[in-house]
Amino acid sequence: MKKLLSILASTLMAVSLIGCGSSTQDSAPAAAADNSSAAEPAAAVEAGGDLSDKKVGVCIYQFSDNFMTLFRTELENYLVSLGFSKDNITIADGANDQATQTNQIQNFITDGVDVLIINPVNSSSAATITDMVVDANIPLVYINREPDADEEARWEAQGWDVTYVGCDARQSGTMQGEIIVDLGLDAIDFNGNGAVDYIMIEGDPENVDAQYRTEFSVKALTDAGLDVNCLSDQVGNWDQTQGQQLVANALGQFGNDVEVVFCNNDAMALGALQAITDAGRTVGTDIYLVGVDALTEVCEDVLAGTITGTVFNDHIAQSHGAADAAVNFLTGAGNDYYIGCDYVKVTSDNAQSILDSLG
Ligand code: GAL
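What this report covers is the structure whose coordinates are included nearby.

Conventions and cut-offs
- Residues numbered from 1 in each chain as written.
- Predicted model: local features only at pLDDT ≥ 70, side-chain atom pairs only at ≥ 80, totals over all residues.
- Heavy atoms only, no water.
- Near = heavy atom within 4 Å.
- Polar contact = N/O pair within 3.5 Å; in protein donor to acceptor, adjacent residues only side chain to side chain.
- Areas by Shrake-Rupley, 256 points an atom, 1.4 Å probe, with all protein chains shown as cover.
- Nonpolar A, V, L, I, M, F, W, Y, C, P; charged D, E, K, R; others polar.
- Pairing = 2+ DSSP bridges.
- Helix = DSSP H or I, 4+ residues; strand = E, 2+ residues; numbered from the N terminus.
- Axes fitted to C-alpha atoms, helices over the stretch in contact; angles between N-to-C directions.
- Contact = heavy atoms within 4.5 Å.
- Phe/Tyr/Trp six-rings, centres within 6.5 Å; stacked < 30°, edge-to-face > 60°.
- Buried < 20%, exposed > 50% of the residue type's maximum accessible area, 1.4 Å probe, protein only.
- Lys NZ or Arg CZ within 6 Å of the ring centre and 35° of its normal.
- Parallel < 35°, antiparallel > 145°, perpendicular 65-115°, else oblique.
- Left-handed = near helix turned anticlockwise from the far one by under 90°.
- Expected span 1.5 Å × (residues − 1).
- Arc of directions from axis to C-beta.

### Re the site of the ligand
Looking at the ligand, the residues that line it are Tyr-61, Asp-65, Phe-67, Asn-144, Arg-145, Asn-207, Asp-209, Arg-213, Trp-238, Asn-265, Asp-293 and Asn-313. Asp-65 places a side-chain nitrogen or oxygen 2.8 Å from an oxygen atom of the ligand. At a separation of 3.1 Å, an oxygen atom of the ligand approaches a polar side-chain atom of Asn-313. Coverage of the ligand by the protein chains reaches 99% of its 310 Å² of free accessible surface. When the residues that make up the shell around the ligand are grouped by side-chain class, the tally is three nonpolar, four polar and five charged.

Structure (structure tokens):
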């Protein structure tokens, strides 16, 4: 959207790109460049028309991921509420293996799905995936793992029916850092060395969510004028068990010097909490812990004070946005090339209202 706005500001030609989605620009590559119904994809349905015979292929990078489980459950329910038939929605588990997922995408293409929603195993495979799907003239909605800027620019330059729906991970990292900053150095600096001594537990490092959360959580501290000391930075691959093990190791090695544990997501924060408890430490008393996602269990921990805070990764807005984008492609309305949403900082002040909103 930011890119789109700058184009709009810089050239009148961009008028034709408004909504990035206007049928002339966003119809399938082979479509005629006019505004008649012939320019719509073959599978187009009327706005508000019958979606019950439309086939949706969904690829999830790994079913065992807690957050993506919430996401795909909400996505399926919402697609059904829009009028898609449950029988025509197929969700494939990529099992964290790109070759497996690429094969699943190929099978969806062979099966003639009308639209694909893809959470790539490797964001770096996006160009290959896009080429396969666009060649088959199938609209494509990426979710959760954002392809790089060059890849997104390519969709726009080519006028392809491809978009990304997700949040800006920099925002989530910044919010994690702010939760710590708001405590004040006096409350954090248990060892009195004048710095915030922390350990970082990262998600899959191929993923921008992990890269940005790692960078921007710490940046929020230094931007606030705090000195920081990284005791350990380890990869836990978004996984609770790995998070627990890594934090147990770090607590064993650095003991009471660990003042803050940053986890790139809540699953790893739950593992960290277990390790912290096992080590006889107490969150809020002699250590702080933050995650991202706002899983129900973590919101409850935030209310209880056993986790300092988290950041709501709005799977409801994102899954609905992805389904709406799929419908917009099917109706020929088209989409912007980037559809964003906001994270929400979660502390004991608002954890209950986040829980209430999750139902
Ligand atoms: C992140 C989420 C993690 C994990 C990851 C998968 O946005 O916070 O928990 O699901 O996506 O790519």
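Resuming the write-up.
### Digging into the sheet that holds strand β9 (residues 288-290)
Reading across from one edge, β7-β6-β8-β9 is the order of the four strands in this open sheet, with parallel pairing throughout. For this open sheet the edge positions go to β7 (227-235) and β9, each flanked by a neighbour on one side alone. With direction set aside, neighbouring strand axes in the sheet form an average angle of 20°. With three bridges joining them, strand β8 (residues 260-263) and β9 adopt parallel strand pairing. Bridge assignment links Phe-262 to a residue of β9, and that residue is Val-290. On top of the sheet, helix α9 (residues 208-223) reaches β6 (195-202), β7 and β8; it is set at about 170° to β6, its chief contact.

### Let's talk about the packing of aromatic side chains
Two descriptors summarise a pair of aromatic rings, namely the distance from one centre to the other and the angle between the planes of the rings. A complete count under the given rule lists six aromatic pairs for this structure. Ring geometry for Tyr-198 and Phe-262: centres 5.7 Å apart, planes at 80°, overall edge-to-face. A residue pair is termed long-range when its members are at least 10 positions apart, and Tyr-198 in strand β6 and Phe-262 in strand β8 qualify at 64 residues. As far as the burial class goes, Tyr-198 and Phe-262 line up, both buried. The ring of Tyr-61 has Arg-145 lying over it, and the distance from NZ or CZ to the ring centre is 3.7 Å.

### Concerning the environment of Leu-82
Relative to the elements of secondary structure, Leu-82 occurs in helix α3 (residues 66-82). Assessed through its relative accessible area of 30%, Leu-82 is described here as partly exposed. Separated by 242 residues in sequence, Leu-82 and Asp-324 have C-alpha atoms that sit 8.6 Å apart.

### Examining the packing of α3 against helix α13 (residues 315-331)
Between α3 and α13, the least distance of the axes is 8 Å, while the angle of their chain directions is 45°. As judged from the angle between their axes, α3 and α13 are oblique. Along this stretch, α3 crosses α13, giving a crossing that reads as right-handed. On the side of α3, the interface is formed by Phe-67, Leu-70, Phe-71, Glu-74, Leu-75, Tyr-78, Leu-79 and Leu-82, while α13 contributes His-315, Ile-316, Gln-318, Ser-319, His-320, Ala-322, Ala-323, Asp-324 and Val-327. Among the residues making up the contact of α3 with α13, the classes are represented as 11 nonpolar, four polar and two charged.

### So, helix α4 (residues 98-111)
A rise of 1.5 Å per residue sets the reference length of α4, with its 14 residues, at 20 Å; its end C-alpha atoms lie 20 Å apart and thus fit the reference within 8%. Those residues of α4 that sit buried are Gln-98, Gln-101, Gln-104, Ile-105, Phe-108 and Ile-109. The arc enclosing the buried residues of α4, seen along the axis, measures out at 140°, which places them on a common side. Along α4, exposed side chains directed more than 90 degrees from the buried face belong to Ala-99 and Thr-110. Looking at the packing, one finds that the buried side of α4 touches β1 (56-60), β2 (89-93), β3 (115-118) and α5 (126-135). Of the residues one or two after α4, Gly-112 is the one with positive phi, at around 75°.

### What to know about the environment of Asp-50
Examined against the element boundaries, Asp-50 turns out to sit in the loop between α2 (23-26) and β1. For the pair Asp-50 and Leu-82, spaced 32 residues apart in sequence, the C-alpha to C-alpha distance is 9.5 Å.

Structural measurements only, silent on function.
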